[in-house]
Amino acid sequence: MNRFDVLFMGRPLINPFILASAPPTATPAMIERAFEAGWAGAVIKTLIDEPVRNLSNRFGINKIGNRMYAFKNIELLSELSPNEWFSGVVNLKKKFPDRLIVGSIMADARDFDGWKRLALGCQEAGMDMVELNFSCPNGYPERGKGCAIGQNEIIASEIVRNIKSDHRITLPIIPKLTPNITDIAFIGEELAKAGADAFCAINTVPSFLGFDLSTLNPKVNVNGYSTSGGYSGPGIKPIALRCVYELVSSSSIPVMGCGGCMTAEDAIEFLLLGTGVVQLATAVMFEGYPLIHKLLSGLQEFMYRHGFETVADFQGKGLQRIKHFYQLDITFKTNAIIDPETCKLCGKCVISCRDGGYQAISIMSDDICPYIDPVKCVGCSLCVHICPFDAIHMEKN
Ligand SMILES: Cc1cc2nc3c(=O)[nH]c(=O)nc-3n(C[C@H](O)[C@H](O)[C@H](O)COP(=O)(O)O)c2cc1C
């Protein structure tokens, strides 16, 4: 057994890294190149029976400094027909029998036969599982599909129940969920009752990227106009982690984690919450398929550092560390401490504590580091996060 091997829903995989349904899985030929690079599996770009015509342009980016903070798209689904996919996947499966190929489908909310026909097509082509796209936030919700389905537990459950009651369909059914819902655990529980075999969480977060202030054009500019679309990349990771946590702690079916995973460290955080695998889209759009090498070496380094022999050794380990708010220890108190050697006297901590904190930090003189009053310091840690020089840390009282 390879140390990166994982077992997902009884299926052995060469590592836990899967391409999410997105441009990197737009064609069977692209998935083939990804498998050659070492990806363990791929979710195909979502299939739909109706023709897909994409807008130009369709992507936008939010940066902090020079770094991408999040990515917005108004892309629709697969431009290939279901039959093009089905024949392509038959060939892919022959070449890469050890890789996970997950179908992804969308139909009208009430078109149960459409959902079943596409699921059956995926199964007959040899796909291992199928995601139900209940979560696309652009183009489809206004027509009652995509995340409009994922926001309605009655319709979503009806679709799952219909597919599961068709005895011809045996492949695992995986609703892909939207974060744009009040209580993701509730819809998860309802879908589990309807027969869902696993979940994928999450799809993109509905967003509007803003304006170019020099031209007043909206960002993701389609001939001077724009519309709401899906936010992905690093900025959405905390939202995705929270959704995954809600799902794994409320129903017992497996979860494929997805959303904002850019590095091995990000992926490890999903695995610590107990996801079976981790899916990536935006990171691959930015770094290409060779990203898999960085993910594997980061995973190896983490496992070596902690003495984990296999991925299963740490999957779900983080769950023990999450409690309800009122279960956290109210008697636990910390104080901020400044290291005078590292402090550069920039004064940022003084301003933040004065106007956004508890007025515990003051400047005594221009050439010595600020003083933190241990009585006024409530241990909020704002100054630690503000300090550009890592000169402040928290110490237990
Ligand atoms: C350009 C683009 C197109 C996408 N297309 C699909 C799609 O067809 N079906 C789907 O289920 N998710 C689609 N997604 C969502 C991704 O699969 C993924 O859920 C989301 O981007 C969050 O992951 P990330 O932060 O790793 O990108 C798309 C995402 C992007 C960025």
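From a predicted model like this one, the values you see are computed outputs, not experimental measurements.

Scoring rules and cut-offs
- Residues numbered from 1 in each chain as written.
- Predicted model: local features only at pLDDT ≥ 70, side-chain atom pairs only at ≥ 80, totals over all residues.
- Helix = DSSP H or I, 4+ residues; strand = E, 2+ residues; numbered from the N terminus.
- Rg over C-alpha atoms; globule rule 2.2 N^0.38 Å.
- Buried ≥ 20, exposed ≤ 12 C-beta atoms within 10 Å, placed from the backbone.
- Contact = placed C-beta atoms within 7 Å.
- Pairing = 2+ DSSP bridges.
- Axes fitted to C-alpha atoms, helices over the stretch in contact; angles between N-to-C directions.
- Domains from an automatic or database assignment.
- Right-handed = clockwise from strand over helix to strand, strands pointing away.

**A short note on the overall build of the protein chain**
In terms of regular secondary structure, the protein chain is built from 12 helices and 18 strands. Over its C-alpha atoms the protein chain spans a radius of gyration of 24 Å, differing by no more than 12% from the 21 Å that the globule rule assigns to 397 residues. C-alpha atoms of the protein chain, sized along the principal axes, occupy 75 × 55 × 40 Å. In the protein chain, which comprises 397 residues, the proportion classed as buried is 43%. In the protein chain, once contacts between residues fewer than 6 apart in sequence are set aside, the share between residues at least 24 apart is 70%.

**Focus on helix H8 (residues 264–272)**
H8 sits mainly inside the fold: 7 of its 9 residues count as buried. Taken as a whole, H8 has its buried residues at Ala-264, Asp-266, Ala-267, Ile-268, Glu-269, Phe-270 and Leu-271. Contacts from the buried residues of H8 go to strand E3 (17–19), helix H7 (237–250), strand E13 (255–258), strand E14 (277–280) and helix H10 (291–306). A positive backbone phi angle near 100 degrees is found at Gly-274, which sits one or two residues after H8.

**Looking at the sheet that holds strand E6 (residues 67–73)**
Each strand in a sheet pairs with its neighbour through backbone hydrogen bonds, running either in the same direction (parallel) or in the opposite one (antiparallel). Pairing in this open sheet of 4 strands is antiparallel, and the strands run E5-E6-E12-E11 from one edge to the other. Every interior strand has two partners, whereas the edge strands, strand E5 (59–64) and strand E11 (205–207), have only one. Within this sheet the neighbouring strands show an average axis-to-axis angle of 35 degrees, counted without direction. Sheet analysis places E5 next to E6, joined by 6 bridges and oriented antiparallel. In the strand pairing of E6, Phe-59 is matched with Asn-73.

**Topic: the sheet that holds strand E8 (residues 129–133)**
Sheet architecture is closed into a barrel: 8 strands sit in the order E3-E4-E7-E8-E9-E10-E13-E14, paired in parallel fashion. Going across the sheet, the axis of each strand differs from the next one's by a mean of 25 degrees, ignoring polarity. Pairing of strand E10 (residues 199–201) with E13 involves 3 bridges; the strand directions are parallel. From the neighbouring strand, Phe-199 faces E13, where its bridge partner is Val-255.

**Section: the domain arrangement of the protein chain**
According to the domain assignment, the protein chain consists of domain 1 (6–321) and domain 2 (325–396). Computed over C-alpha atoms, the centres of domain 1 and domain 2 are 41 Å apart.

**Looking at the pairing of E6**
In textbook terms, the turn of a hairpin is the stretch between consecutive antiparallel strands, and for E5 and E6 this stretch comprises 2 residues, one of which, Gly-65, has a positive phi near 65 degrees. Here E6 runs beside strand E12 (residues 229–232); their pairing, made up of 3 bridges, is antiparallel. Of the residues in E12, the one forming a bridge with Phe-71 is Ser-232.

**Here we look at the pairing of E13**
Every second residue of E13 is oriented toward a common face, with Val-255 and Gly-257 on one face and Met-256 and Cys-258 on the other, all of them buried. Both E13 and E14 contribute to a ladder of 3 bridges, which runs parallel. Paired with Met-256 across the two strands is Val-277, which belongs to E14. Assessed by its sense of winding, the connection that carries the chain from E13 through H8 to E14 is right-handed.

**Re unusual backbone geometry**
Of all residues except glycine, most have a negative phi; of all peptide bonds, most are trans. Look at the link from Ser-56 to Asn-57: it is a cis peptide, with omega at -5 degrees. Note that Asn-57 resides in the loop between strand E4 (41–43) and E5. In this structure, the amide linkage connecting Ala-201 to the following residue, Ile-202, adopts the cis form with an omega of 15 degrees. Looking at where Ile-202 falls in the secondary structure, it is placed in the loop between E10 and E11. Even without a glycine there, the phi angle at Asn-223 is positive, about 50 degrees. Tracing the backbone through its elements, the reader meets Asn-223 in the loop between E11 and E12. Of the residues examined, Asn-223 has 9 C-beta atoms within 10 Å and is grouped as exposed. In this structure, Leu-345 is a non-glycine residue whose phi angle is positive, near 60 degrees. Summarising the element assignment, Leu-345 is placed in the loop between strand E15 (334–338) and helix H11 (348–356).

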